[in-house]
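So the chains spell out like this:
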Amino acid sequence: MTDRVPMHADADILIVDDNAANVELLLALLEDEGYLRLDGITDPRKVAARVAERAPDLILLDVRMPHLSGFDLMEQLSAGAVEAPAVIILTAQIDDATRYRALELGARDFLTKPFDQVEVLQRIRNTLHMQRLMKERAERADLLEVLVAERTRELVERARSDPLTGLPNRVALLDELAARVAARRDTAVLFLAIEGMDEIARLHGFGVADQLARAAARRLRECVPEGFLAVWNSAQAILLCDCAPAEAAAGRLAERLLGGFRQAVEVEHMQLHLGLRIGIAADAHERSPEQLVRMASLALPAGEGQWQYYEAELETRLQRHTGIREALRGAVERDEFALVYQPKVALCSGDIVGVEALLRWDGSTYGRVSPAEFVPIAEASGEILAIGGWVVRAALAALRRWRAEGRVADVFSVAINVSTQQLMQPDFAERLVAEVEASGVPPAVLELEVTESGLMQDMALAARHLDRLAGAGFRIAIDDFGTGHSSLAYLKALPVSVLKIDRAFIRELHASPADQRLTGTVIDMARHFEFITVAEGVEQEAQLERLMDMGCDLVQGFMFAPPLKEDALFRLMQTGFAHLPVFGGAVA
C-alpha cells in the first residue's frame, strides 16, 4: 500500500461490473492507493437500492452487463435522483456510438479494459476533484440562493413596513385593503390624524419626536389590539377593522382610541400630549382601496378629540373648500377684503384704548364668507401672505388717517394678527419695519399678535424677527395664550409685551374654579413679567367682575361690542364705557 494518502481518500466509490475479477482488481488497486470507502457490485439490479441508501461520489460503471446495461442504469439513476453521481465508463472498446451515448447520459470519463493502473488512478483523481469542485460550487450556489432569498424577504418586509415604528406601511395597507375588498369582507377604515407631532419636534428635537412616534404607535395598538394598524405618513395612521357599515362597532373603536390619547405620553421623563382626530369610511363595497382611504380622510373632523363617519355631504364641502381656495386667488386685487374693529376696553377706566383689526371677505363668487372658514384655507394655500400684506397696509392707512384727523389719542393702538406663514418669511421683520416707517405711524401703536403654534414652527427664526420688531418699537402679543405649547422659557426669551388670554378660559370663568385658578395664574405671571393682559371673549358681567378682581388690564368681547365698521366704532368711542356701574360710573 502506498504511503501517500490521495486527496479525496474519503470519497465514496462504487464499482459496478458483472465481472467479479474486474471488481476485485479495482477494489484492490484503490484500497492500495489509500481510498477508504469502497464498494463493489456485480449485479446492476442492486445498484439503485445502494444509491438510494447512500449515494456514492463516483461510480465506475461497466457498459455491457446482463439484465441492465450501463446506459440503462445511468438513465435509471438520472431519473430517480436529484443529482446523479459522477460516472466513469468501463469498457473494452470505445467506439464512437458508445462514447457519444455515454457523454449524452452524463459520463465524466472513460477507462479502457485491460486497465492501466496509473491511468485509472489519475482519471479517478481528476474526476473526484472535478466532482468536489462542482459540489462545492453547487453548495455555494445553494447558500447564495438562500442568502438572496433571505435578503429579498428582508427587503420586501422593509418595503412594506415603517422603519420608525415597525408597523405596516402604505403599500402593505393598500394590499391588505384590496384583499378585503376583493373578498367582499365587511371592513371599516379609520383614518387617524395625530396632532402635535410637528410642534413637539420643533420644540424638543427630532430625536424626541421619533421616540414619541414609536410611543404613539404602541398606544394605538394597546387601545385596539384587534384590526390591521398601518402607518400612512409621519403623523397619520390607518386602522382596518371588521365591522359592517350598519354597525356601531367602528364608532366604539374610535371612542376607545380617543380615550387612549387623553392621557399624556411619557418620553425622556416628559409628559407630552398628542391630539387625535378620526375619520371613518365603513361602506367598503364597490370601492377601491384608494377611494376608501380618501373617504376616511375626508371624514376627518376639524376639532381635536373628535370622530365622524364619511357622508356624501362631505364631498360638497370639499368642493366648496376647493372653490374658496380658488376664489381667494386675486381677491386682494379685486378689493374684496375689509377690516372691522373690536374695541379693547381698559378695566381701570372703561375707556376704549385700542382695537383689534379683524378681516372680513365679501367675494364675488361666495359672498360673505366667515373668517373661520376662509382663513385656514388661505393659510394652507399660501394666499395668507398676500392677504396679510393687505391687512398691514389697510390698518396703517386707517390708523394714519385717524391720527391725522385727531379722532384717536396718540397712544391708541391697533392690533393685527400675524400668520405663521408671514412670521416664517426670512425678510418679514425688515419689510414690516420699512413699511411702517414709510407710513409715518409710530411702531409703538401697532401691536402684532402671534400664536404659540406659529412660534413653534421655527423658534429661532421667530425670535430673530420679534427681536428686530421689538427693537424698532412694536408691541408683541401672544394670541390665544394657554391653548398651545405654553412655555415659560420662550416667554423669558422673547420680547413679549402682551398676553391675550384665550376665550376658552373666559367662557366659564364665572362658574368654573379651574378656569378661575388658571386665568388668575396667567394674570399673576404676566404681572411679574410686566406684560399687559387682554382677556378675549368677555360676554357677561360676572366674567368681567372676576377679571377686574384678578387685575386683568384690558378686555374685549361682545359684552362691549362685536367687531365694528369704522363709523360704528367712532360712534361708540364718543361714549365709551366709563359711565357703566361696573367701572364706577352711573348709567344716565
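First things first, this report covers the structure right here in the doc.

Cut-offs and rules
Residues numbered from 1 in each chain as written. Predicted model: local features only at pLDDT ≥ 70, side-chain atom pairs only at ≥ 80, totals over all residues. Heavy atoms only, no water. Buried < 20%, exposed > 50% of the residue type's maximum accessible area, 1.4 Å probe, protein only. Helix = DSSP H or I, 4+ residues; strand = E, 2+ residues; numbered from the N terminus. Pairing = 2+ DSSP bridges. Axes fitted to C-alpha atoms, helices over the stretch in contact; angles between N-to-C directions. Parallel < 35°, antiparallel > 145°, perpendicular 65-115°, else oblique. Left-handed = near helix turned anticlockwise from the far one by under 90°. Contact = heavy atoms within 4.5 Å. Nonpolar A, V, L, I, M, F, W, Y, C, P; charged D, E, K, R; others polar. Salt bridge = Lys/Arg side-chain N within 4 Å of Asp/Glu carboxyl O. Patch = residues over 30% accessible without salt bridge, like charges linked within 9 Å, V, L, I, M, F, W, Y side chains within 5 Å. Areas by Shrake-Rupley, 256 points an atom, 1.4 Å probe, with all protein chains shown as cover. Lys, Arg positive; Asp, Glu negative; His and termini not counted. Charge placed at Lys NZ, Arg CZ, Asp CG, Glu CD. Core = buried A, V, L, I, M, F, W, Y, C linked by side-chain atoms within 4.5 Å. Arc of directions from axis to C-beta.

By the criterion of burial, strand 11 (residues 275-281) is predominantly enclosed, with seven of the seven residues buried. Burial along strand 11 is two-sided: the face carrying Gly275, Arg277, Gly279 and Ala281 and the face carrying Leu276, Ile278 and Ile280 are both buried. As judged from the seven bridges shared by strand 6 (residues 187-195) and strand 11, these two strands associate in the antiparallel manner. Each residue of the ladder has a partner; that of leucine 190, found in strand 11, is isoleucine 280. Inspection of the sheet shows strand 11 paired to strand 12 (residues 307-309) by three bridges, in the parallel sense. Residue pairing for strand 12: isoleucine 278 is matched across the bridge by tryptophan 307.

Bringing the packing of helix 20 (residues 513-529) against helix 21 (residues 541-550) into the picture now. The description of two helices packed together rests on the angle between their axes and the distance between the axes. For the pair helix 20 and helix 21, the least separation of the axes is 10 Å and the interaxial angle reads 40 degrees. Between helix 20 and helix 21, the crossing angle belongs to the class labelled oblique. Here helix 20 and helix 21 pass one another in a crossing that is right-handed. Contacts between helix 20 and helix 21 involve Gln516, Thr519, Gly520, Ile523 and Arg527 from the first element and Arg546, Leu547 and Met550 from the second. Among the residues making up the contact of helix 20 with helix 21, the classes are represented as three nonpolar, three polar and two charged.

Within the open sheet, the five strands sit side by side as 7-8-6-11-12. Their pairing is mixed. The open sheet has two free edges, formed respectively by strand 7 (228-233) and strand 12, since each of these has just one partner strand. Ignoring which end each strand starts from, the neighbouring axes of this sheet average 20 degrees apart. Direction of pairing for strand 7 relative to strand 8 (residues 236-242): antiparallel, over a ladder of five bridges. When the sheet's bridge partners are listed, alanine 230 is paired in strand 8 with isoleucine 238. Contacts from helix 9 (residues 249-260) reach strand 6, strand 8, strand 11 and strand 12, with the element oriented near 170 degrees to strand 11.

Once the charged atoms of two side chains with opposite charge are near each other, the side chains can pair. Going through the model one piece at a time under the given rule, you end up with 38 salt bridges. Residue arginine 320 pairs with glutamate 373 through a salt bridge whose shortest N-O separation is 2.7 Å. With a gap of 53 residues between them, arginine 320 in helix 11 (residues 313-328) and glutamate 373 in helix 12 (residues 371-381) connect regions that are remote in the sequence. What you see here is one network of salt bridges that share partners, running through Lys344, Glu356, Glu447, Glu449, Arg475, Lys500 and Glu536.

Here lysine 113 and proline 114 are connected by a cis peptide whose omega angle stands at -5 degrees. Following the sequence through the fold, proline 114 ends up in the loop between strand 5 (109-112) and helix 5 (117-159). One non-glycine residue with positive phi stands out, namely histidine 67, at about 75 degrees. Here histidine 67 shows up in the loop between strand 3 (58-62) and helix 3 (70-80). With relative accessibility at 57%, the residue histidine 67 sits in the exposed group. A positive phi angle, near 50 degrees, is found at glutamate 268, a position not held by glycine.

For the rest of this paragraph, the subject is a negative patch on the surface. Judged by side-chain charge, Glu83, Glu136, Glu139, Asp142 and Glu145 come together as a negatively charged surface patch. Along the chain, glutamate 139 falls in helix 5. A relative accessible area of 46% places glutamate 139 in the partly exposed class.

This brings us to the nonpolar core. Judged by nonpolar contacts, the single largest core of 87 residues is most densely connected at Phe337, Trp402, Leu455, Leu469, Leu499 and Leu547. The element best represented in this core is helix 13 (residues 384-404), accounting for ten residues. Leucine 547 has contacts with Leu347, Ile506, Leu509, Thr519, Ile523, Ala535, Val538, Cys552 and Val555, leaving out every residue within four places of it along the chain. Ranked by size, the runner-up nonpolar core spans 38 residues in total, among them Ala235, Ala237, Phe261 and Ala282.

Every buried residue of helix 22 (residues 566-575) is accounted for by Glu566, Leu569, Phe570 and Leu572. End-on, the buried residues of helix 22 take up no more than an arc of 160 degrees, which puts them together on one face. The exposed residues of helix 22 that point more than 90 degrees off its buried face are Asp567, Arg571, Gln574 and Thr575. On its buried face, helix 22 sits against strand 13 (337-346), strand 14 (352-363) and helix 13. Backbone geometry just downstream of helix 22 places glycine 576 in the positive-phi region, at approximately 65 degrees.

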